[in-house]
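Descriptive structure summary
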There are 2 protein chains.
Amino acid sequence: MDPTEFNARCSIARSLDVLGEKWTLLILREAFRGRARFSEFRDSLGVARDILANRLATLVEYGVLEKRAYRDENARERFEYVLTPAGRDLRVVLVALTEWGDRHRALPTGPSVAYVEEASGQPVHLEFVTADGRPVPASVVTSVFADAV
Amino acid sequence: MDPTEFNARCSIARSLDVLGEKWTLLILREAFRGRARFSEFRDSLGVARDILANRLATLVEYGVLEKRAYRDENARERFEYVLTPAGRDLRVVLVALTEWGDRHRALPTGPSVAYVEEASGQPVHLEFVTADGRPVPASVVTSVFADAV
DNA sequence: TAGCTGGGTTGGGATTCACAACCTAGCACC
DNA sequence: GGTGCTAGGTTGTGAATCCCAACCCAGCTA
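As the structure is a computational prediction, the values presented were derived from the model and not from experiment. (Residues numbered from 1 in each chain as written. Chains lettered and ligands numbered in written order. Predicted model: local features only at pLDDT ≥ 70, side-chain atom pairs only at ≥ 80, totals over all residues.)

Looking at the overall build of chain A
In terms of regular secondary structure, chain A is built from seven helices and six strands. Its helices and strands in sequence order give chain A the pattern α-α-α-α-α-β-β-α-α-β-β-β-β, from N to C terminus. For chain A, whose C-alpha radius of gyration is 19 Å, the value lies well above the compact-globule estimate of 15 Å for 149 residues. With 149 residues in all, chain A has 33% of them scored as buried. (Helix = DSSP H or I, 4+ residues; strand = E, 2+ residues; numbered from the N terminus. Rg over C-alpha atoms; globule rule 2.2 N^0.38 Å. Buried ≥ 20, exposed ≤ 12 C-beta atoms within 10 Å, placed from the backbone.)

Here's what the structure looks like:
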């Protein structure tokens, strides 16, 4: 398979088409924190307004965020951006990045975010498991390609 | 906490400092496929040579790849780039991106890569689990921040 | 000594990003 | 009914990145 074709078929490359531009994953991090309005993203990230508008539009276009009208009291209709089910599935990606950063680029001040089970408050982490639920260390996971390349 | 400080402390942002530039995660995808030489990355990705040189240097600098000398028969010493333990820990990130792409940006031709347990060949996937190994659906995982923001 | 090969480096044009200024709708106030 | 305020953008300009192509360089072979 030639590189162009493999890259087109590769799910990592296809995910990065949506997520790979600067600021996109940080915008989603904020979305998971409950930010939804243009100004909330702007204030919490310090991102340029034009880039933010552009990224929000892309994420809406790809079905990661939904643009919803809302109306505050005594205010005109405005819009907010909330995670769709596809967007909520990105939690795994963000946690994977967090865990790697915590482990390999740790700061003396310790991690700034932890992930817990909502009901129990117990910390959770990511693991590989087989179809029948048996955990498997990452070191014995390997890739199988659809076509020999 | 002001946005700049939070971003500096955030492990996602710190991971993206290393991984967030264009091509970086695709280079790592190839590294997990066993590619190690400059020309292997170049040929399998079609990336510009200067960008590739730049990304490899960055990944070496941050301890994700190790630059190692090798010598083919009747050839001078050259270099290859192999995953360090920190680099191998990025498998989780790549699998997370793969799973999201497979689910939400699927192609009719089906996924181009699957992940399996090396010994058994059984397919594996990522799950949230608690410290005592109990699997938890992503929908009930929530974030806890070190400081109120 | 001329050519080939792997592994880069360099220069110039095209994109993308960042920052600041501007726009716009509707509400509130006077 | 004009002025100002605010959320949510859009636009224009310069800076940084990215891409491509040409070049370099060291050591091997012929």
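After presenting the structure, the write-up continues.
Some details on the UniProt feature "domain: HTH hxlR-type" (unreviewed entry) in chain A
Within this structure's numbering, the places UniProt gives as "domain: HTH hxlR-type" (unreviewed entry) are residues 10-109 of chain A. Between the end C-alpha atoms of residues 10-109 of chain A there is a gap of 38 Å, over a span that is 57% helix and 14% strand. (UniProt positions renumbered as here; feature names shortened; annotations may be inferred.)

A few points about the interface of chain B and chain A
Tallying the contact residues gives 72 residues for chain B and 72 residues for chain A. The element best represented in the side of chain B that touches chain A is helix α7 (residues 91-104) of chain B, accounting for 13 residues. Residue classes in the side of chain B that touches chain A are distributed as 39 nonpolar, 18 polar and 15 charged. In this structure, strand β3 (residues 113-117) of chain A lies alongside strand β6 (residues 141-145) of chain B, joined through five bridges in antiparallel fashion. Its bridge partner lying in β6 of chain B, A114 of chain A is registered against V144 of chain B. (Contact = placed C-beta atoms within 7 Å. Nonpolar A, V, L, I, M, F, W, Y, C, P; charged D, E, K, R; others polar. Pairing = 2+ DSSP bridges.)

A word on the nonpolar core
Ranked by internal contacts, the top residues of the largest apolar core, which has 63 residues, are V93 and A96 of chain A together with V93 and A96 of chain B. Leave out the neighbours within four places in its chain, and A96 of chain B touches V92, V93 and A96 of chain A together with L126 of chain B. (Core = buried A, V, L, I, M, F, W, Y, C linked by C-beta atoms within 7 Å.)

Some remarks on the protein's contact with DNA strand C
Lining the immediate surroundings of DNA strand C are 18 residues, of which N74 and R76 of chain A together with D50, A53 and R78 of chain B lie closest. Residues of the surface near DNA strand C, tallied by class, amount to seven nonpolar, two polar and nine charged. (Near = placed C-beta within 6 Å.)

So, the protein's contact with DNA strand D
Neighbouring DNA strand D are 19 residues; R37, D50 and R78 of chain A together with N74 and R76 of chain B lie closest to it. Counted by class, the surface near DNA strand D contains seven nonpolar, two polar and 10 charged residues.

Here we look at unusual backbone geometry
Residue and element names in this part refer to chain A. Despite not being glycine, W23 shows a phi value in the positive range, around 85°. Tracing the chain through its elements places W23 in the loop between α2 (11-19) and α3 (24-32). By C-beta crowding, W23 is classed as partly exposed, having 17 other C-beta atoms within 10 Å.

Overview of the sheet that holds strand β5 (residues 135-136) of chain A
Strand order in the open sheet formed by four strands is β5(A)-β4(A)-β4(B)-β5(B), and the pairing between neighbours is antiparallel. Each edge of the sheet is formed by a strand with only one pairing partner; in this case those strands are β5 of chain A together with β5 (135-136) of chain B. Each of β4 (124-130) of chain A together with β4 (124-130) of chain B touches helix α7 (residues 91-104) of chain A; the most contacted strand, β4 of chain A, lies at about 110° to it. (Axes fitted to C-alpha atoms, helices over the stretch in contact; angles between N-to-C directions.)

Observations concerning the relation of the copies chain B and chain A
Placing chain B over chain A gives an RMSD of 0.0 Å and needs a rotation angle of 180°, together with 0.0 Å of translation along the axis. Seen this way, the second copy is the image of the first under a two-fold rotation axis. Minimal C-alpha distance to the rotation axis in chain B is attained by E127 of chain B, lying at 2.8 Å. When the interface residues of chain B are mapped onto chain A, 100% of them are again interface residues, pointing to one common binding face. (Least-squares fit on C-alpha atoms with pLDDT ≥ 70 in both.)

Considerations on the packing of α3 of chain A against helix α4 (residues 38-45) of chain A
Each pair of packed helices can be summarised by the angle the axes make with each other and by the distance between the axes. Residues and elements named next belong to chain A. As a packed pair, α3 and α4 sit with axes 10 Å apart at the nearest point and diverge in direction by 115°. One finds that α3 runs roughly perpendicular with respect to α4. Crossing of α3 over α4 shows right-handed handedness. Along its contact with α3, which presents L26, I27 and E30, the element α4 presents F41, S44 and L45. Taken together, the residues that form the contact of α3 with α4 break down as four nonpolar, one polar and one charged. (Parallel < 35°, antiparallel > 145°, perpendicular 65-115°, else oblique. Left-handed = near helix turned anticlockwise from the far one by under 90°.)

Brief notes about α2 of chain A
The buried count for α2 of chain A comes to eight of nine residues, which makes it a mostly enclosed element. Taken together, the buried positions of α2 of chain A are occupied by S11, I12, A13, R14, S15, L16, V18 and L19 of chain A.

Focus: the confidence of the model for chain A
Do not read the predicted coordinates in detail wherever pLDDT is low. Averaged over every residue, the pLDDT of chain A is 90; the share at 70 or more is 93%. No element of chain A has a lower mean pLDDT than helix α1 (residues 3-9) of chain A, which averages 63, and none a higher one than helix α6 (residues 85-88) of chain A, which averages 97. (pLDDT = per-residue confidence, 0-100.)

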